[in-house]
Amino acid sequence: MGNTAEARRTSDQDPGTARGGARTVHLTKVYGSGDMAVRALDEVSVVLPEGRFTAIMGPSGAGKSTLMHCVAGLEDATSGKVYVGDQELGILSDRRLTRLRRERIGFVFQAFNLLPTLTARDNILLPMTLAGTGPDQEWLDTVIRILKLGDRLSHRPSELSGGQQQRVALARALATRPQIVFADEPTGNLDSRTGAEVLELLRNAVDDLGQTVAMVTHDPVAAGHADSVVFLADGRIVDVMDAPTPDRVLDRMRGLGDHR
């Protein structure tokens, strides 16, 4: 076993613990009702610490994406609480929640989700364009430099490789300097070499930019880039592993059948 006790201890911490990151307290998510009810998350309490790279893993149907969607404010909790920084999401109006997602949360998806008619620069700036705000140019220049996109800003997605498109998507997620970036299987559509490059960029975002990153993945190699791994099974946290390596993660994933 790994740090299961640590996973339990997080439930006793106050909401300010993850001031620059995110956390949940007894988060439960149920779909449907009556005999058709499905409990996707069951009393999940977890901290996604500020300035750290956390991977979220588990078998298919374990609740990984549901956890990410609830913490990112894309789905409402059935019960329990979710905090981004010190802000509880459940008490926000739809308008304030939309603003929080736009300003304080970044998203990186498996499918890139770039607009084909826009240049790389315009795709990166899109969240701010929609909000009617401008970028912090010094921060944006730093992001573009670290992601090595300086000579690709005038290109459209069709003129970029898959890895370059994912770099643009990552730059878009970082451009607003969010409190936390959620990455949902960010290497799923990439070959192993390009995927490794994207994972290194996420690692650099944490180490060089002080970013907070939470990544849903099924890949032990991807999880090996993180500072810690949260393991889910049947909607519950069953383990937390610090300083993960691909071999340790793979061994732990093999053991998750014990919890099913």
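In this report, the structure presented in the accompanying data block is examined. (Residues numbered from 1 in each chain as written. Predicted model: local features only at pLDDT ≥ 70, side-chain atom pairs only at ≥ 80, totals over all residues. Heavy atoms only, no water.)

Some details on the overall build of the protein chain
Convention followed: Numbering goes from the N terminus for both helices and strands, where a helix is a DSSP run of H or I of at least four residues and a strand is a run of E of at least two. Restricting the calculation to C-alpha atoms gives the radius of gyration, and the globule rule supplies 2.2 Å times the number of residues raised to the power 0.38. Between buried and exposed lies partly exposed: a residue is buried under 20% and exposed over 50% of the maximum accessible area for its type, with that area taken using a 1.4 Å probe on protein chains only. Any pair of residues with heavy atoms lying within 4.5 Å of one another is described as a contacting pair. Under the convention used here, Asp and Glu are negative, Lys and Arg are positive, and both His and the chain ends fall outside the count. Throughout, a charge is located at the NZ atom of Lys, the CZ atom of Arg, the CG atom of Asp or the CD atom of Glu.
Secondary structure summary: the protein chain contains nine helices and 10 strands in total. On C-alpha atoms alone, the protein chain measures out to a radius of gyration of 18 Å, which is about the 18 Å that the 2.2 N^0.38 rule sets for 260 residues. When the backbone C-alpha atoms are referred to their principal axes, the protein chain occupies close to 50 × 45 × 35 Å. For the protein chain, the proportion of its 260 residues judged to be buried stands at 52%. Relative to all contacts within the protein chain whose residues are 6 or more apart in sequence, the contacts with residues 24 or more apart total 69%. Separation of charge centres in the protein chain, based on 30 positive and 34 negative side chains, amounts to 3 Å.

Quick notes on the sheet that holds strand β6 (residues 105-109)
For the record, the criterion: Being paired, for any two strands, means DSSP has found at least two bridges between them. The angle between two axes is taken between their N-to-C directions and runs from 0 to 180 degrees, where each axis is a line fitted to C-alpha atoms and a helix contributes only its stretch in contact.
Across the sheet, six strands lie side by side as β6-β7-β8-β3-β9-β10; this open sheet has mixed pairing. Lying at the two open borders of the sheet, with one neighbouring strand each, are β6 and β10 (236-242). Sheet twist, expressed as the mean angle between neighbouring strand axes with direction ignored, is 20 degrees. Two strands pair when backbone bridges link them, and strand β3 (residues 53-57) and strand β9 (residues 228-233) are joined in this way by four bridges, in the parallel orientation.

Considerations on the environment of A223
Tracing the chain through its elements places A223 in helix α8 (residues 220-223). For the pair A223 and D122, spaced 101 residues apart in sequence, the C-alpha to C-alpha distance is 31 Å. For A223, the residues in contact, after removing those within four places along its chain, are A55, M57, M215, T217, V229, P244 and V249.

Thoughts on the packing of aromatic side chains
Each aromatic ring pair is specified by the distance between its two centres and by the angle formed by the two planes. For the record, the criterion: Only Phe, Tyr and Trp rings take part, Trp by its six-membered ring, and two of them pair if their centres are within 6.5 Å. Stacked means planes under 30 degrees apart, edge-to-face means over 60, and tilted covers everything else.
This structure, assessed with the given rule, holds two aromatic pairs. Taking 5.9 Å as the distance between ring centres and 10 degrees as the angle between the ring planes, the aromatic pair formed by F107 and F109 counts as stacked. Overall, F107 belongs to the buried group, its relative accessible area being 17%. Exposure remark for F109: the relative accessible area of 27% places this residue in the partly exposed category. Ring pairs connect the aromatic residues F107, F109 and F182, which therefore count as one cluster.

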